[in-house]
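Per-entry structural report
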Amino acid sequence: MPVPSGDVPSHRLERLFQPRSVCIVGASDRVGSLGNSALRNLRRGGFTGDVSLVNPRHDEVLGQACHRRISELPRPAELAVLAMPAGAVAASLRELAAIGTAHAVVLGAMDLPPGARADLQRVREETGIRLLGPRTLGLVRPAAGLNLTVGRPAATAGSLAIVSQSSAVCAALLDFAEGSGIGLSLAVAIGGGFDVDTSDVLDYLSYDFTTRSIVVYLDGVRNARRLLSTLRAVARNKPVIVLKSGQNDIGSRSQVTHTDALASDHQTFRSALRRCGAVSVDSFGELFSAVEWLDHGRRVKGDRLAIVTNGGGLGALAADACRRYSVNLATLGEETIAQLTASLPPTWSGGNPVNAMPDSTPDRIAAVVKAVADDPQADAVLALFHTTPAADSAAIAQALLAQPGRSPKMYAFVGAADARQGWAVLNRHGHSVFKTPEDAVRAFSILVEYHRSQQNLLQVPCTRRTSHRFDEAAVEAVIAATLADGNPDGPQVLDEVRSKQLLAACGIPVPTTLAAHTIEEAVRIADRIGYPVVMKVISPDVTHKSDVGGVRLDIHDELELRGAATGIQQRLRTSLPTARFDGFALQPMVRRGRSFELLVGVSRDPAFGPVITFGTGGVAVELTADTATSLPPLNSLLAHDLISCTKVSRLLSGYRHLPPADIGAIADVLVSISALVCRFPIIHGLDINPLLASADGVMALDARIVLDSTSPRRDSRYRHLAIHPYPSEVETTVKLKQAGAPGHAPRRSVLLRPIQPDDARLEVAFFERLSAETRHWRFLHPIKALTPEMIARFTQVDYDRDMALVAMPIGESGEPQELIVGVARYVREADETRCEFAIVMDDEWQGRGLGRAMLGHLIEHARTVGLRTMVGYIHLHNLRMLRFMRAMGFELGASAQEPSLKLATLQLAPAG
């Protein structure tokens, strides 16, 4: 961001949410009107800035002078509030823009007719005025005394921000927060989202130092890539909890593959949030429970929960809740079991949940909780109690506070009258207390989900690095052959033979599969590959071959094969008389033995694009419905995380007579499928069912792939993806002269590549090596150390919006050294066609041409992604940098921000 100074706002929407002057257009004396409510709420909130009023029929409103026309205002307000009929909004906005007002809020529940909406859009495009609404409740900024809502009392100032697409939900959340004693930094009802939308507000909150955590309500996703990009940016430093409506979406998508029938919109949305570092919840109660836990810094590093209770029934209920919310019960270590056995009656439960028994005293209960909390096998402990004759709730609470343990603890006191005493004791010491075992376990599951989301956020998969062979040319050839044979204007279904050829090109093991157009040809192929064989129907009109009797297994000879072929044709004619018959697919019979049948698939979500599904496979895949989804791109860690979200993952680790499957090989398949859909947008749908997995590896026994011939075959910009992958194509190697060496000396090779989250340690070391002068020229103010927030912002880059290149010397081995010697970056500005750059070099590497190489590469990338202007702010005394700017083609001018800065501007020609 540009360096803020004086009166310059630090974010493009700063004056929308933190204005120093407000004008209410449509202010009124009439009680109950929008203009009256807006003015009264603004006064009640304690706003101390300038307030001006406009109404063509009034000279005074509520005792304050009122102007008849906007043009009569003595000075423009930084924010205008419009409370008027829909038809008058566009004209008023044009007048406001003409006098210099840049932000406006359109209050009320009105829907704009098509003509008024077109007028509003035209004014927005012509004037650049930023608009919140229409159909919005407004916004609240308690610390600034800003209450621009209709019918809402002032909220308490605090650190929680509320962003809601629904005004009704926003009002309910405001009331819920007030009743729960939760203070707010900002509350915004997006309303119609005509201009300022959820992504804009989240982007602002990522820079707002008064906001520590954020709750978001969504009723729909309009621009998934932009929303996820913004969520990833803000969730790096602030917990984000999302509540979304629309969980019941059965039948909302056409079904061409098994995967289409399994991947719901809600499941896709939750998987998208897992990639953004955010958490999804299902109710208001969960929303604020998650906020309370995450805002106070409570974290867990695993999903193993230990339960300590003084009632067996309570422990059983908690264990049931663990199964419901996919929480693993911790297996306590032998030392802990021995310690508990020595201190508890012989009738104790003997494991987790730990029943300390109803006759336990508060001290014994606390000792048991501490022993369990000290067990490294437990990631957290749920202390779950009820009042007994031997221990009341307050006494138990006091004893628990006196004996902390290693693992974080969650407290639940079940009951009412006496339980309140225990709640009060723990609340006074800053601890949350749950009233039911189910609520406590759900809260823990949210913490686990948050931990996983934050881990996923750090992953930047590369689409060009898979663990085994990926033959792009062979994939391209299969696609080209399919398109040449089919209808170029619609979906194209690859037959099983071509589907397996494509999978083999991705490095996925498949059995030899050949196509036969006649029974005689089928006999010859079976003789060639050897009996026993499998025969399947080939028809572009059949989605599930088993449903039409189109599969015969374990065929042992020619006679049996001829009968199978005849039967398949007859059953197809009976089941689907209009279906096309293109022949038979034959493959060797693979003995499944001790193997698992799995499903790997791809579907296309209308909002989020390609979605990868994994789970239990087989003919009953829709009935078992044991699947999980994730958005590409995937790497090995994300693939393993996807596998772990299914029930079958526990079986894959080994169960009774079944040995563990090769989970690494399964993850490789997921990574290869991810690379396929990332590189080839034309892939519309895909099923591998079953993917046979065993201790010996994997094999795709059956496959179905659907192409969308209206999509491009390739897209280097990855516009079909909701999450931009690591841009390996940006990597390059440059050769630089060595310090102090003569001109003919060998040049030093340096790798230029995009920065990654794993570079945090190297980034800190790089900063610490910089001289005080270099730091000053880079940051334009004294800075001694990088804060954790700065490190996250510098190293966790969303490549769709921004870019940061690091320079790493290549050692004698030919590999890059673990050393950063230069960083060049740009950040997109508000209009998304202009970016601001910054560059800094290690002092010892200055003067070797590294700066020219890095900035030149950054400029070329900016051109490639369509940016038109690059700017930078240079201190006027940094003469060496000013000379460098001129040499790189930048124009230098005065900065409107700060007299001590020069503005360097480069117009970027479109990429050729």
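Cut-off values and rules
Residues numbered from 1 in each chain as written. Predicted model: local features only at pLDDT ≥ 70, side-chain atom pairs only at ≥ 80, totals over all residues. Heavy atoms only, no water. Helix = DSSP H or I, 4+ residues; strand = E, 2+ residues; numbered from the N terminus. Rg over C-alpha atoms; globule rule 2.2 N^0.38 Å. Areas by Shrake-Rupley, 256 points an atom, 1.4 Å probe, with all protein chains shown as cover. Lys, Arg positive; Asp, Glu negative; His and termini not counted. Charge placed at Lys NZ, Arg CZ, Asp CG, Glu CD. Pairing = 2+ DSSP bridges. Axes fitted to C-alpha atoms, helices over the stretch in contact; angles between N-to-C directions. Salt bridge = Lys/Arg side-chain N within 4 Å of Asp/Glu carboxyl O. Buried < 20%, exposed > 50% of the residue type's maximum accessible area, 1.4 Å probe, protein only. Contact = heavy atoms within 4.5 Å. Phe/Tyr/Trp six-rings, centres within 6.5 Å; stacked < 30°, edge-to-face > 60°. Lys NZ or Arg CZ within 6 Å of the ring centre and 35° of its normal. Parallel < 35°, antiparallel > 145°, perpendicular 65-115°, else oblique. Left-handed = near helix turned anticlockwise from the far one by under 90°. Nonpolar A, V, L, I, M, F, W, Y, C, P; charged D, E, K, R; others polar. Arc of directions from axis to C-beta. Right-handed = clockwise from strand over helix to strand, strands pointing away. Polar contact = N/O pair within 3.5 Å; in protein donor to acceptor, adjacent residues only side chain to side chain. pLDDT = per-residue confidence, 0-100.

**Concerning the overall build of the protein chain**
- The helix and strand inventory of the protein chain stands at 29 helices and 39 strands.
- For 912 residues, the compact-globule estimate of 2.2 N^0.38 gives 29 Å, and the protein chain sits close to it at 32 Å.
- Dimensions of the protein chain along its principal axes, counting C-alpha atoms only, are 100 × 85 × 70 Å.
- If you sum the accessible surface of the protein chain, you get close to 37300 Å²; carbon and sulfur atoms cover 51% of it.
- Seen as two clouds, the 96 positive and the 95 negative side-chain charges of the protein chain have centres 4 Å apart.

**Things to note about the sheet that holds strand 13 (residues 240-244)**
- Across the sheet, seven strands lie side by side as 9-8-11-10-12-13-14; this open sheet has mixed pairing. Of all the strands in the sheet, just strand 9 (146-149) and strand 14 (279-281) have a single pairing partner and so form its edges. Shown here is a sheet whose adjacent strand axes are inclined to one another by a mean of 20°, direction ignored.

**Let's talk about the pattern of salt bridges**
- Under the counting rule described, the total for this entry stands at 41 salt bridges.
- Across the salt bridge formed by R15 and E78, the nearest N and O atoms sit 3.5 Å from each other. Taken together, the residues span a long stretch of sequence, with R15 in helix 1 (residues 14-17) and E78 in the loop between strand 4 (64-65) and strand 5 (79-82) at a distance of 63 residues.
- Looking at R15, the relative accessible area reads 14%, which means it is buried.
- Under the relative-accessibility criterion, E78 is labelled buried at 17%.
- A salt bridge links R130 to D195, with the nearest nitrogen and oxygen atoms 2.9 Å apart. With R130 in strand 7 (residues 130-136) and D195 in the loop between strand 11 (184-189) and helix 6 (198-207), this pair connects stretches of sequence that are 65 residues apart.
- In this structure D195 comes out as buried when scored by relative accessible area, which is 12%.
- Here the salt bridges share partners, and the residues they tie into one network are R12, R124, R130, D195, D197, D200, D203, R226 and R801.

**Overview of the sheet that holds strand 34 (residues 803-809)**
- Spatially, 32-33-34-35-36-37-39-38 is the arrangement adopted by the eight strands of the open sheet, whose pairing is mixed. If you trace the sheet from one side to the other, it starts and ends with strand 32 (732-736) and strand 38 (891-894), each paired once. Taking each pair of neighbouring strands and ignoring which way they run, the sheet shows an average axis angle of 25°.
- Note: strand 35 (residues 822-828) against strand 36 (residues 834-841), seven bridges, orientation antiparallel. Residue pairing across strands places A824 opposite I839, the latter belonging to strand 36.
- Together, strand 36, strand 37 (869-875), strand 38 and strand 39 (901-907) form the strand contacts of helix 29 (residues 879-887), whose direction differs from that of strand 37 by roughly 160°.

**Brief notes about the packing of aromatic side chains**
- Enumeration according to the criterion identifies nine aromatic pairs in this entry.
- On the numbers, 6.2 Å between centres and 85° between planes, the contact of F176 with F284 is edge-to-face. Taken as a pair, F176 in helix 5 (residues 167-179) and F284 in helix 10 (residues 284-295) lie far apart in primary sequence, 108 residues in all.
- Note on F284: relative accessible area 26%, which makes it partly exposed.
- Taking the centre distance of 5.3 Å and the plane angle of 45° together, the rings of F837 and F890 count as tilted. Of this pair, F837 sits in strand 36 while F890 sits in the loop between helix 29 and strand 38; the two residues are 53 residues apart in sequence, bridging distant segments of the chain.
- The exposure class of F837 is buried, given its relative accessible area of 5%.
- Here the aromatic cluster, defined as three or more aromatic residues joined through ring pairs, consists of F767, F779 and F794.
- When the ring centre of F767 is taken as reference, the NZ or CZ atom of R775 above it lies at 4.2 Å.
- Over the ring of Y207 we find R793, and its NZ or CZ is 4.6 Å from the ring centre.

**A word on the packing of helix 17 (residues 472-485) against helix 18 (residues 496-505)**
- At their nearest, the axes of helix 17 and helix 18 sit 8 Å apart, and the two run at 160° to each other. By the angle between their axes, helix 17 is roughly antiparallel relative to helix 18. Here the hand of the crossing between helix 17 and helix 18 comes out left-handed. Facing helix 17, whose interface residues are A474, V475, V478, I479, A481, T482 and D485, helix 18 presents R498, Q501, L502 and A505.
- Of the residues assigned to the contact of helix 17 with helix 18, the class counts are seven nonpolar, two polar and two charged.

**Some words on the pairing of strand 25 (residues 583-588)**
- The buried fraction of strand 25 is high, at five of six residues.
- Of the pairings in the sheet, the one linking strand 22 (residues 514-516) to strand 25 comprises three bridges and is antiparallel in character. When the bridges of strand 25 are listed, L514 appears paired with L586.
- The sheet contact formed by strand 23 (residues 533-538) and strand 25 spans six bridges and is antiparallel. Bridging from a neighbouring strand, I538 pairs with G583 of strand 25.

**With respect to the environment of V823**
- For V823, the location among the structural elements is in strand 35.
- Look at V823 and you get buried, because its relative accessible area is 4%.
- Measuring from C-alpha to C-alpha, the distance between V823 and L805 comes to 5.6 Å, with 18 residues separating the pair along the chain.
- Residues within four places of V823 in sequence aside, it is in contact with E763, F766, L805, V806, A838, I839, V840, M841 and M854.

**Details of helix 19 (residues 519-529)**
- Of all the positions in helix 19, only A522, V523, I525 and A526 are classed as buried. For helix 19, the arc enclosing every buried residue in end-on projection is 170°, short of the 170-degree limit, so these residues lie on one face. For helix 19, exposure combined with an orientation more than 90 degrees from the buried face picks out R524, D527 and R528.
- Looking at the residues trailing helix 19, positive phi occurs at G530, about 90°.

**A few points about the pairing of strand 37**
- For strand 37, the tally of buried residues reaches seven of seven residues, placing the bulk of the element in the interior.
- Burial along strand 37 is two-sided: the face carrying T869, V871, Y873 and H875 and the face carrying M870, G872 and I874 are both buried.
- In the sheet, strand 36 pairs with strand 37 via three bridges, with the strands oriented parallel. Along strand 37, the bridge assignment pairs C835 with M870.
- In this fold, the crossover linking strand 36 to strand 37 by way of helix 28 (residues 850-864) has right-handed handedness.

**Some words on the side chain of S185**
- Positionally, S185 belongs in strand 11.
- Since its relative accessible area comes to 4%, S185 is described here as buried.
- Here the side chain of S185 touches T211 through a polar contact of 2.7 Å, side chain to side chain.
- Among all residues touching S185, those that are not within four sequence positions of it are V140, R141, P142, G158, S159, L160, A161, D208, T210 and T211.

**Structural notes on the side chain of T388**
- Mapping T388 onto the fold places it in the loop between strand 18 (380-385) and helix 14 (393-402).
- Of note is the side chain of T388, whose polar atom sits 3.2 Å from the backbone oxygen of P358.
- Once residues within four sequence positions are removed from consideration, T388 is found in contact with N310 and P358.

**Section: helix 6**
- Most of helix 6 sits out of view: nine of its 10 residues are buried.
- Among all positions of helix 6, only T198, S199, D200, V201, L202, D203, Y204, L205 and S206 are buried.
- The opening residue of helix 6 is D197, an N-cap whose side-chain oxygen sits 3.2 Å from the backbone nitrogen of S199.

**Topic: the environment of V381**
- Tracing the backbone through its elements, the reader meets V381 in strand 18.
- A C-alpha to C-alpha distance of 7.6 Å links V381 and V369, two positions 12 residues apart in sequence.
- When near neighbours in sequence (up to four residues on either side) are disregarded, V381 contacts L305, A306, V308, V369, V372, A373, S407, P408, K409 and M410.

**Notes on the confidence of the model for the protein chain**
- On average, residues of the protein chain score 88 in pLDDT, and 93% of them are at 70 or above.
- Per-residue pLDDT, averaged within each element of the protein chain, yields its smallest value for helix 8 (residues 258-262) (49) and its largest for strand 1 (residues 21-25) (97).
- For residues 1-9, every residue scores under 50 in pLDDT, and the model assigns this stretch 18 contacts once sequence neighbours within four places are set aside.
- Long-range and interchain partners of residues 249-256, a stretch whose pLDDT sits below 50, account for 17 contacts in this model, where long-range means more than four residues apart.

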